[in-house]
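Spelled out from the first residue to the last, the chains are:
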Amino acid sequence: MEAKRQQEELRKQQEQLALAEAKRLKELEQQRLVAVQQAAQQAQAAQQEQARVEAKRQQEEQRKQQEQLALAEAKRLKELEQQRLVAVQQAAQQAQAAQQEQARVEAKRQQEEQRKQQEQLAFAEAKRLKELEQQRLIAVQQAAQQAQAAQQEQARVEAKRQQEEQRKQQEQQRLAKAKYLEQLEQHRQIAIRLSEQLASKSQAVHDQANKLVLPKLEPEQPALKLQEALRHVPSNQQAPITNSSTEEKQGVRIASSALNGLVNPASLGASLINNAQLDFVDRDGQGQEAVLANQFLLRGDYSESIRKYDIALAAKTTDSSLYLNRGRARIGNGDSNGAIKDYDTALSLNPKDSSIYLARGQARDLLGDKQGALEDLNRAIELNKNFVAALKRRGALWAELGDKEKAIKDYTLAIALNPSNPESLYARATLREETASQAEAISDYTKIIEVFPAHAAAYFRRGRLKDELGDTKGAIGDYDNSLQISPSQANVLNNRGLAKSNLGYSSGALDDFNKAISLKPDYSIAFNNRGALFFKTGKLQAAISDYTKAIEINPSYASAYSNRGIALEAVNNLASACRDWRKAASLGDQDSLAWATSQCSR
């Protein structure tokens, strides 16, 4: 409006100037005419007749000139009017251009303000997510500390209980010692006679002793498949002992996902929920239904959670987080296909959210789509190079696909981002065991123990590696620590018993084998190892009984057949020994095949 008013004032000023100019020109013309008349009057006195003729001529010319001037003035006024109209049009165009420029500047200013507001919102959201992640990490650390304190208290109570049991056992042993001494002389006489009977066979047994081995150290159940460890056992009775065989290798399995990050489909749904970062407030107007849905999700009430998300999405269908969380609830409810549909919708709304790609990759993995899962995990890591959860999950997937080097690389990246994460260290350590990197695996287990001193499995696996590398005493120390944290580990007791046996600590080895069997009555390997210890200490019938028990538990246990055959030969039952050796040979034991070929009649 101001520009239009200014244009109108400018037009009026131009018109006034044009009228003033016309008036001035007219006045000048009048002045000229007066001067001409005065000159004519002065000349009239001298030349009246000539003046009269000349005056008449001049009057005619003057009339013509006046007409020409009038025409010229009219033409000039017309041109001035045209110029005024052009000026008015130009002024209007300039005003319009000024308005358009002003509108463009205003729109640009508003866009800039919107961009700044969006940046501020993005920064605020990033800060909030970072605070939530810090709170989650603090909660995890507190939970770990509480768990550690509980384990320490449990270990203290268990140690106290064991001390009381040891005191009672010592009292019982003291009472039994008197009776034992009475029987000892009788046993000595029997032993002398038995020694005389065995003397004739000692050389033959001595020749076979170096061929035989104890079983490989059994890892915790379940366990990563490792190279079988061979153990040569000295025997003061010159008696052969063996139970290393193929069935132990076949019995080994992939490690638990809780320890090495590999997926357990039966429990993955719960792990996805536990690792999810959910909002418990009405963020961005999600509403109370979304808050309740999140709470039901964390409680594990997946059906009710899905129902609440359905209500929340009916009111607001553009929030990707609602689809993401409903997908998590569907995973918990066993509906992986429905979860993937929700993740697809979430990605269509927010294609740059790396957490959605991680969730969809895990769902695809549950359905067996390993390649699709790998593509989603790759995309999640492309969007967020520091996404520890995606790196760990991809590392586990590479391990499942058999590419251990890539798996180790991903776990190494995850550890670099979070050096104090026992899960990543444990997974990398188990993979390094598979790739024969024992020293690096020991280093990882050591780091786990530094961060989480109550990690019983890390002590056990480090002890097993030390045993394989010849540090048997160091292995026993780690087994002791593992059992102090968790006393009821039959496999650790079995391994410690075997290590003690190798060092000649027969009494301690027997105690460990007995405890392992009491904790796990169907523990065929512990029966086999205890049988080997009985054979080593000259208790042949006890050895045969334990080998027989191991075979009853596991009819395909080649080492137990082989060992029982050797014990049967030692008590002069060659026919039964040959049957056991042939059975062991049919199960893949090459040593038994050689013995059956050389010592048994066809």
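Everything below is about the structure shown above.
Residues numbered from 1 in each chain as written. Predicted model: local features only at pLDDT ≥ 70, side-chain atom pairs only at ≥ 80, totals over all residues. Heavy atoms only, no water.

### Considerations on the state of the cysteines
Within the structure shown, the criterion is met by 1 disulfide. Disulfide pairing places Cys 578 opposite Cys 600 at an S-S distance of 1.9 Å. Judged by the torsion about the S-S bond (-95°), the Cys 578/Cys 600 disulfide is left-handed. Linking Cys 578 in helix H24 (residues 574–586) with Cys 600 in the segment after helix H25 (590–599), this pair joins segments that are 22 residues apart in sequence. (Disulfide = S-S within 2.5 Å. Helix = DSSP H or I, 4+ residues; strand = E, 2+ residues; numbered from the N terminus.)

### Quick word on the pattern of salt bridges
One pass over the structure, following the stated rule, counts 48 salt bridges. Asp 365 is the partner of Lys 370 in a salt bridge, and the nearest nitrogen-oxygen pair spans 2.4 Å. Exposure remark for Lys 370: the relative accessible area of 26% places this residue in the partly exposed category. Judged by its relative accessible area of 5%, Asp 365 falls in the buried class. When salt bridges that share partners are traced, they join Glu 8, Arg 11, Glu 15, Glu 81 and Arg 84 into one network. (Salt bridge = Lys/Arg side-chain N within 4 Å of Asp/Glu carboxyl O. Buried < 20%, exposed > 50% of the residue type's maximum accessible area, 1.4 Å probe, protein only.)

### Brief notes about helix H9 (residues 320–332)
Here H9 is 13 residues long and its end C-alpha atoms lie 19 Å apart, about the 18 Å a rise of 1.5 Å per residue gives. Summarising burial for H9: 12 of the 13 residues are buried, a large majority. Those residues of H9 that sit buried are Ser 320, Ser 321, Leu 322, Tyr 323, Leu 324, Asn 325, Arg 326, Gly 327, Arg 328, Ala 329, Arg 330 and Ile 331. Among the residues trailing H9, Gly 334 stands out with phi positive, at a value near 85°. (Expected span 1.5 Å × (residues − 1).)

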